[in-house]
2 protein chains.
Amino acid sequence: MQEQIQKILKHNQLSVTGGRTKILELFLAQDDALAHADIERKTGEKFDRVTVYRTLQTFLEKGIIHSIPTSDNSVKYALCKDNCSEGHHHDHHVHFMCSVCGKTLCIDEVSVPVVNLPAGYKVEQIQMIVTGVCKDCA
Amino acid sequence: MQEQIQKILKHNQLSVTGGRTKILELFLAQDDALAHADIERKTGEKFDRVTVYRTLQTFLEKGIIHSIPTSDNSVKYALCKDNCSEGHHHDHHVHFMCSVCGKTLCIDEVSVPVVNLPAGYKVEQIQMIVTGVCKDCA
DNA sequence: AAAAACTTGCAACTCAGTTGCAAGTTTTTT
DNA sequence: AAAAAACTTGCAACTGAGTTGCAAGTTTTT
Ligand SMILES: [Mn+2]
Ligand SMILES: [Mn+2]
Ligand SMILES: [Zn+2]
Ligand SMILES: [Zn+2]
């Protein structure tokens, strides 16, 4: 896994540092999306919160992670599985928020359906957030 | 219009006050969704920002307005057109954010399409946010 | 091994949103 | 119509997320 992490960072022209390695490790080991606070909690006292903010910012810009707008207006982050890059994300999958366990999941198997808007609207991007009960909580 | 406003407030068992009347008036006169800051700006110095927060909170609880999660994780509010009430919203329409003029619109004509999730997921609510260019900016 | 380029932690700050409380307003009761 | 009760408002003080400048530390390049 350390190998994979190095590869991802190098591939994105980022220096390999303790903080970045640790945070990327968290994302790789996690099946659901992480909020800033989750990351702070999971890294313990090891990194300054400013470093966490800056690392997330960098990962977003490089297309290593994508942000997920949740229906309660907090922000979560998840790994990009496709080859996203600098401003060119293409995660057209549905996002799911479980109202029982609170997890936010990328449903990679399901793409966002097309929708027909009234004449005159030009669609650039569609996001879909489904709330409900997840597989594990059913 | 003052009549309609009184009716809405009374119907929701709310006392008719200057602040509530003014804010409801703004919503009725507006075709796009309003952010907290828009309301503060449009009411001038007339009301304390705490009053604006509390009024929006009250309107939300009563189902007079609904909140819209935008893709940039700010919150906007729009009038409920259906008869929503205390925690029972049913605005199943698509929301549109124009990347040119910045307006957020309720597309009442288009309901959110059904989506099939993998077995085991129970869907409770679906939200769809479309980004693009609106009719007026085309 | 030295220089250059980049990353980190710290302290200080900003800005949105919240809370308790006393004064003011609206509604209900008499 | 006046008094009482119930509710709303503004103020001041606070909280917590996120940002910035800068000096010290680390990583990468030469
Ligand atoms: Mn995702
Ligand atoms: Mn709407
Ligand atoms: Zn769950
Ligand atoms: Zn527009």
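Residues numbered from 1 in each chain as written. Chains lettered and ligands numbered in written order. Predicted model: local features only at pLDDT ≥ 70, side-chain atom pairs only at ≥ 80, totals over all residues. Heavy atoms only, no water.

A.B. asks: Which residues make up the interface of chain A and chain B, and what values do they have?
C.D. replies: Taken together, the contact between chain A and chain B spans 37 residues of the former and 37 residues of the latter. Across the chain A to chain B interface the summed buried area is about 3000 Å²; carbon plus sulfur atoms make up 63%. Run the count over chain A and chain B and you get 0 salt bridges. At the junction of chain A with chain B, the criterion picks out 10 residue pairs in polar contact (both at pLDDT 80 or more). Broken down by secondary-structure element, the contributors of at least two residues to the side of chain A that touches chain B are strand 4 (93-98), strand 5 (104-111) and strand 6 (122-133) of chain A. Looking at which element gives the most residues to the side of chain A that touches chain B, the answer is strand 6 of chain A, with 12 residues. Broken down by class, the residue content of the side of chain A that touches chain B amounts to 22 nonpolar, 11 polar and 4 charged. (Contact = heavy atoms within 4.5 Å. Buried area = accessible area lost by both parts, 1.4 Å probe. Salt bridge = Lys/Arg side-chain N within 4 Å of Asp/Glu carboxyl O. Polar contact = N/O pair within 3.5 Å; in protein donor to acceptor, adjacent residues only side chain to side chain. Helix = DSSP H or I, 4+ residues; strand = E, 2+ residues; numbered from the N terminus. Nonpolar A, V, L, I, M, F, W, Y, C, P; charged D, E, K, R; others polar.)

A.B. asks: How would you explain the nonpolar core if you had to name every residue and give the values?
C.D. replies: For soluble globular proteins, the rule of thumb is that nonpolar side chains tend to be buried together. By size, the foremost hydrophobic cluster in this structure holds 28 residues, and its most contacted members are V94, F96 and M128 of chain A together with V94, F96, L117 and M128 of chain B. Breaking this core down by element, the ones donating at least two residues are strand 4, strand 5 and strand 6 of chain A together with strand 4 (93-98), strand 5 (104-111) and strand 6 (122-133) of chain B. Ignoring any residue separated from it by four or fewer positions in sequence, one finds V94 of chain A in contact with L105, C106, I107, V110, S111, V112, M128 and V130 of chain A together with V115 and L117 of chain B. (Core = buried A, V, L, I, M, F, W, Y, C linked by side-chain atoms within 4.5 Å. Buried < 20%, exposed > 50% of the residue type's maximum accessible area, 1.4 Å probe, protein only.)

A.B. asks: So what's going on with the UniProt feature "binding site: Zn(2+)" (unreviewed entry) in chain A? Which residues, and what values?
C.D. replies: When the UniProt feature table is mapped to this numbering, "binding site: Zn(2+)" (unreviewed entry) covers C98, C101, C134 and C137 of chain A. Taken along the chain, the residues just named run across 40 residues; in space they keep tight, none of their C-alpha pairs more than 8.1 Å apart. Summarising the element assignment, C101 of chain A is placed in the loop between strand 4 and strand 5. Of the residues examined, C101 of chain A reaches a relative accessible area of 38% and is grouped as partly exposed. The residues contacting C101 of chain A, other than those within four sequence positions of it, are C134 and C137 of chain A. If you trace the backbone, C134 of chain A turns up in the segment after strand 6. Look at C134 of chain A and you get buried, because its relative accessible area is 3%. Non-local contacts of C134 of chain A, meaning those with residues more than four positions away in its chain, are made with F96, C98, C101 and L105 of chain A together with G120 and Y121 of chain B. (UniProt positions renumbered as here; feature names shortened; annotations may be inferred.)

A.B. asks: An account of the pattern of salt bridges is requested, with residue identities and associated values reported.
C.D. replies: Residues and elements named next belong to chain A. For the coordinates displayed, the defined rule picks out 8 salt bridges over all chains. A salt bridge links K103 to D31; the shortest N-O distance between them is 3.7 Å. Within this pair, whereas K103 is found in the loop between strand 4 and strand 5, its partner D31 is found in the loop between helix 2 (18-29) and strand 1 (34-35), the two being separated by 72 residues in sequence. A relative accessible area of 53% means that D31 is categorised as exposed. Between R41 and D38 there is a salt bridge whose closest N-O contact spans 3.0 Å. Taken together, the residues R41 and D38, both in helix 3 (residues 36-42) and 3 residues apart, mark about one turn of the helix. According to the relative accessible area criterion, R41 is exposed, its value standing at 57%.

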